[in-house]
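Survey of secondary and tertiary structure
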Amino acid sequence: PYQVLSINDETNWVKDLMHELPIKQKEVFYLRHFEENTYKEISKALDLNETKVKVYLHRARTFIKDAMEQKHAYGLKTG
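On a predicted model such as this, the values are computed, not experimentally measured, just so you know. (Residues numbered from 1 in each chain as written. Predicted model: local features only at pLDDT ≥ 70, side-chain atom pairs only at ≥ 80, totals over all residues. Heavy atoms only, no water.)

Observations regarding unusual backbone geometry
The backbone of Glu 36 sits at a positive phi, close to 60°, despite the residue not being glycine. Here Glu 36 lies in the loop between helix H2 (23–33) and helix H3 (39–46). The exposure class of Glu 36 is exposed, given its relative accessible area of 66%. Within the chain, Asp 47 stands out as a residue other than glycine whose phi angle is a positive 55°. Relative to the assigned elements, Asp 47 resides in the loop between H3 and helix H4 (50–72). Its relative accessible area of 70% is what places Asp 47 among the exposed residues. (Helix = DSSP H or I, 4+ residues; strand = E, 2+ residues; numbered from the N terminus. Buried < 20%, exposed > 50% of the residue type's maximum accessible area, 1.4 Å probe, protein only.)

Observations concerning the environment of Leu 21
Locating Leu 21 in the fold gives a position in the loop between helix H1 (2–18) and H2. Each C-alpha atom of the pair Leu 21 and Ala 60 lies 6.8 Å from the other, and the pair is 39 residues apart in sequence. Setting aside residues no more than four positions away along its own chain, Leu 21 makes contact with Lys 26, Ala 60, Phe 63 and Ile 64. (Contact = heavy atoms within 4.5 Å.)

Some thoughts on the nonpolar core
Judged by nonpolar contacts, the single largest core of 17 residues is most densely connected at Val 28, Phe 29 and Ile 64. In terms of residue count, H4 provides more of this core than any other element does, 7 residues in total. (Core = buried A, V, L, I, M, F, W, Y, C linked by side-chain atoms within 4.5 Å.)

Observations concerning the confidence of the model for the protein chain
The pLDDT averaged across the protein chain works out to 87; a share of 82% of its residues lies at or above 70. Mean pLDDT across the secondary structure elements of the protein chain bottoms out at H1, with 74, and peaks at H3, with 98. (pLDDT = per-residue confidence, 0-100.)

Considerations on the packing of aromatic side chains
Inspection of every chain in the model, using the stated rule, returns 2 aromatic pairs. Between Tyr 30 and Phe 34, the ring centres sit 5.5 Å apart and the planes meet at 15°, which makes this aromatic pair stacked. For Tyr 30, a relative accessible area of 37% puts it in the partly exposed group. For Phe 34, a relative accessible area of 31% gives the class partly exposed. (Phe/Tyr/Trp six-rings, centres within 6.5 Å; stacked < 30°, edge-to-face > 60°.)

What follows is the structure, given as structure tokens:
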């Protein structure tokens, strides 16, 4: 039960963070991670080349990863 709550909390946190992404990054991230589309499908749906899809996805993942790391490190000193 705790693990399910934790996963739901993380999913909700990611969805909240998605609102802070630029529109194209948000669309690419959503299509890849929530709709499970391939790069080719995303490319076609958004009229982008696959390289651009990968760049947008990388930027979105980096932003969300950094925000999640800050959330989990809140109040902890590192280094």
